[in-house]
Structures are given as C-alpha cells and as structure tokens.
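# An overview of the molecular structure
Here is what each chain is made of, one letter per residue.
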Amino acid sequence: MIGQEDQKEEVNKKGFSIWDLPDVPMGKLPPHLELQRTRVICNKDAPIHTEGITYSGAYDSIEVDNTRRLNHFRDNFRVEVVRLTEDDMEFDMIGIDAAIANAFRRILIAELPTMAIEKVLIANNTSVVQDEVLAHRLGLIPINADPRLFEYLSENDQPNEKNTIVFKLHVRCERRAPRLTVKSNELKWLPNGSELIKVSGSSTLNSTSKPETYTSFTRSQEIMPEFANSQIGPKHPDIIISKLGPGQEIELEAHAVKGMGKTHAKWSPVATAWYRMLPEVVLLEEIEDEDAIELVEKCPVNVFDIEDIGKGRKRATVARPRACTLCRECIRGDEWDKRVALRRVKDHFIFTIESAGSLPPEILFTEAVKILEDKYHLSLCTLMNFMWPPIWSMLPTGGNKDKSILVCCASSQSLS
C-alpha cells in the first residue's frame, strides 16, 4: 500500500505514468512493426528495413507467431503473368521470400541446359577472323533446338544422333566480287551427321569400306519422331559471323552439344533473368494546385498524374506506381520526404525472363520450377539420411526396424 501511494504521489508530481499508455495489441502487430516487416522504406539517403524477419519467435512478446507455415504459403502464393511474347515474359511472384526468387534467377541463368556449338572443325579459313575467334563467335549463336530431346555428351561417348547436332558452313567470295557478309543463315543442318572424313595414316581405305567421319550416326535425325516437327538451326538468321573479301573462303563443320550455363555462358538459355520488388508510392497528405504540378514534373517516368477536383483546383494522384524506378526525385527538396513515401513490398517480385531463343520463356520458368523441386527433394533426402541413424540406434531391440525408411531417392533432374 505504501508503495502504491508513493507511485501516485510521483505521478502527480510528473503528470505522466506508464500506466496511462494504451495496451499493446496482443496477437496482432502494431502498424509500425507491420510496416517494418512487410516493406522496405526508401529514404532520401538510403533504404531502411531491408532485412527479412524470418525468426519464428521475433514477436513472441506480443503473442504473434512469425513461423513460416506451408498452408499459409499455399494460400497466399500466386503467379500473375503481366506480359508474354515469343522471347520475353513479365510476371509477378507474390507471397515468397527473396531467397526463393533469387533461386529461380540463378537456375534460369546457370542450370537450365541448352544446345550450343562446342566443337568446330575448320577445313579452310582464309578470312581475316582467326580460327579461335571464329569458333567463339559460332558458339554464341543461339540454336533453335529443344534440349529436352537430347542427351549429354560425356568424354567417353561417341557423337551420335541423340547427343550431337552437326552444322556445315561453306562460303566463298569470288574474285572481283564485292565483299560478302557471312550470316548465321549460312549454317546448314546435317541430319545425317558429319561429312568430313577423318584422316588417319595407320588405316587404309578400300573401295568397299565406309569412310570414317567425326560422328557415329546410325540413322538420320530427320526420320526420328522427336525431331519430326523441329526446325533445327540458328534461332536468328541475321547474326553476322564474318566478312569475306574477294578470294576468301570459310569451310567448316560445327558440332552442337547439350550443356549448362554454369559451364559456359553460351549454354545459358536466357539473355537475362532479373527481378525487382514491387514499388509502392504513397502520398502522406493531399498535394494540390502548384505543388501538384511540381510533383508531376519531378518524376521522370510519369508515376504521378493530376486530377481535377472542381472549382479550378487540382490534386496529385499516384497513377502508375509500378513504373517507379526509385530515382527518389520526388522526395528531394524541402520537406518532400514528409509528403511522399517510397516503399518496396518485400514479398512481391516483378520477374522478367528474356529467352535467348532455344525455349519459350514460359517453358523456361516451368523447367526452373522442376529443377528447384528436385533440389528440395535431394536436400530433404540427404537430411533424412543424416538424422535417422541416431534415432535408429535409440529404438528398442527387437522392434520392427524397417530400414527402408532410410532409403530416399531424389527424382532425376528434369532436362537431364
């Protein structure tokens, strides 16, 4: 009693007490914490609250569970396609963490296989382009061939119709003729395999033996059912390979095989794959008349617009927030950062895929999902095999110890 009376006397002297503060809402985050958890705040100098709060007990003191649950992810995750063309796609991934979005980006760039020219057999090259540079330029030409129809070529395998595509290039600029530009449409597909004959000093050919070439095709790729509807060749016919002067000539064979971008960039199926968080532009107060016109003129990408509210008055509105590039021009100047707020939504990503041409962008994304799923299964099985043996040793003797629970087979990678 004496202690409470002392507290009351102290409150009367100071005029303030912690008991006068409103109660903290239990089971729900306060607005300022919810803003920190779900948004990146972009100030004039630097963004803040960029980290993701993933610890399950971060808000235990106010009885808010921050655990990532599967049913919550399943109910909230969605993909919305915004733009889809032959070569590029823009879509929104909503309800995921930045780590998952980045995993898709890395898989698209480095782990989706394609077909690219790996070996170049040059019979004659009198152009100004050196053999090594010519081979490098050929390797970077996108090949219009579905990599899912081919197998990988290992060191011990022979090039055959299931793992190799052969192209031929033979161009000559006649004397007294104008300079000739050699483009990728000059690459001709050889469905029967290599036509260059191997030169071997130890073996002699007779009239009845078949000459040995650099591939071992048992049948033509044209008659194989998987290639019946395929137009194998360079994706773009107008890529410049070289220029020939009068009397110069290029004759070669190019062998394309299956590979991944993490081995060499020529096997990367995308020109680029990138994402950004969804911009959020909020007007913290009404901006009218001359201030509204000034705000519209500040923005270089026309995020804001002017609305007529009658009686000759105008008001600024946020018309195109998705176009915001966070240049921060709208919050520069006196007190503008207190009138306009720039934010990024942490779990909403605008994803863009630009295909190099081997596969459509929508197929690239679905294949990336399959590879990520395979990685998950492999990690889960490895973890299971690591965790179960200690538990196994704790089971009672004589129990039904089914060791098959320790066997976990990850599904084979798609596109392999």
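First, a word on what this report is: a plain description of the structure on this page. Just so we're clear, the structure is a prediction, and the values are computed from it rather than from any experiment.

## Some thoughts on the overall build of the protein chain
- In terms of regular secondary structure, the protein chain is built from seven helices and 16 strands.
- Classification of the 416 residues of the protein chain by burial places 35% in the buried group.
- On the protein chain, roughly 25500 Å² of surface is accessible, and the fraction owed to carbon and sulfur atoms is 52%.

## A word on the pattern of salt bridges
- Counted under the stated rule, the structure contains 27 salt bridges.
- For Arg322, the salt bridge goes to Glu90, with nearest N and O atoms at 3.0 Å. One end of the pair, Arg322, is in the loop between β15 (313-318) and β16 (340-355); the other, Glu90, is in strand β4 (residues 88-94), with 232 residues separating them in the sequence.
- On the basis of relative accessible area, Arg322 is assigned to the partly exposed category, the value being 25%.

## Examining the sheet that holds strand β5 (residues 114-125)
- Spatial strand order, β5-β12-β7-β9: four strands in an open sheet with antiparallel pairing. In this open sheet, the two edge strands, each paired with only one partner strand, are β5 and β9 (188-189).
- Relative to strand β12 (residues 249-259), strand β7 (residues 165-172) runs antiparallel, the two being bridged by eight bridges. Looking across to β12, one finds that Leu169 is bridged to Leu252.

## As for the packing of aromatic side chains
- Summed over all chains, the structure comprises seven aromatic pairs.
- Consider the rings of Phe91 and Phe351, whose centres lie 5.3 Å apart with planes at 10 degrees: the pair is stacked. With Phe91 in strand β4 and Phe351 in strand β16, the pair connects residues that are 260 residues apart, well separated along the chain. Each member of the pair, Phe91 as well as Phe351, carries the same accessibility label: buried.
- Summarising the aromatic geometry, the rings of Tyr275 and Phe351 are spaced 5.8 Å apart at their centres and angled 25 degrees between planes, so their arrangement reads as stacked. Placement of Tyr275 in strand β13 (residues 270-283) and of Phe351 in strand β16 is noted, with a sequence separation of 76 residues between them.

## A short note on the side chain of Glu253
- As for its placement among the helices and strands, Glu253 is situated in strand β12.
- Lys168 provides the closest opposite charge to the buried, unpaired Glu253, separated from it by 7.0 Å.
- Among the polar contacts listed, one links the side chain of Glu253 to the backbone nitrogen of Glu195, at a separation of 2.6 Å.
- Within the local environment of Glu253, its side chain forms a polar contact with the side chain of His255, the two groups lying 3.2 Å apart.

## What about unusual backbone geometry?
- A positive phi angle, near 55 degrees, is found at Asp289, a position not held by glycine.
- Here Asp289 shows up in helix α6 (residues 289-298).
- Residue classification places Asp289 among the partly exposed residues on the basis of a relative accessible area of 34%.
- Of note, the phi angle at Asn302 is positive, near 60 degrees, even though the residue is not glycine.
- Mapping Asn302 onto the fold places it in the loop between α6 and β14 (304-310).

## Some details on a nonpolar patch on the surface
- On the surface, a nonpolar cluster with roughly 250 Å² of combined accessible area is contributed by Val79, Val81 and Leu84.
- Here Val79 shows up in strand β3 (residues 78-84).
- Since its relative accessible area comes to 36%, Val79 is described here as partly exposed.

## A word on the pairing of β7
- Relative to β9, β7 runs antiparallel, the two sharing two bridges. By the bridge assignment, Phe167 is partnered in β9 with Trp189.

## Structural notes on the nonpolar core
- Of all hydrophobic cores here, the largest spans 27 residues; its most connected members are Ile117, Leu138, Ile165, Phe167, Leu169, Ile232 and Leu252.
- Where this core is concerned, the elements lending two or more residues are β5, α5 (131-139), β7, β11 (240-244) and β12.
- Discounting chain neighbours no more than four positions away, the residues touching Leu169 are Val182, Glu186, Leu187, Ile241, Ile250, Glu251 and Leu252.
- Ile96, Phe104, Val270 and Ile353 belong to the second-largest nonpolar core, a separate cluster that totals 19 residues.

Conventions we followed
Residues numbered from 1 in each chain as written. Predicted model: local features only at pLDDT ≥ 70, side-chain atom pairs only at ≥ 80, totals over all residues. Heavy atoms only, no water. Helix = DSSP H or I, 4+ residues; strand = E, 2+ residues; numbered from the N terminus. Buried < 20%, exposed > 50% of the residue type's maximum accessible area, 1.4 Å probe, protein only. Areas by Shrake-Rupley, 256 points an atom, 1.4 Å probe, with all protein chains shown as cover. Salt bridge = Lys/Arg side-chain N within 4 Å of Asp/Glu carboxyl O. Pairing = 2+ DSSP bridges. Phe/Tyr/Trp six-rings, centres within 6.5 Å; stacked < 30°, edge-to-face > 60°. Lys, Arg positive; Asp, Glu negative; His and termini not counted. Polar contact = N/O pair within 3.5 Å; in protein donor to acceptor, adjacent residues only side chain to side chain. Patch = residues over 30% accessible without salt bridge, like charges linked within 9 Å, V, L, I, M, F, W, Y side chains within 5 Å. Core = buried A, V, L, I, M, F, W, Y, C linked by side-chain atoms within 4.5 Å. Contact = heavy atoms within 4.5 Å.

So, to be careful, I would describe these as geometric facts and stop short of saying anything about function.
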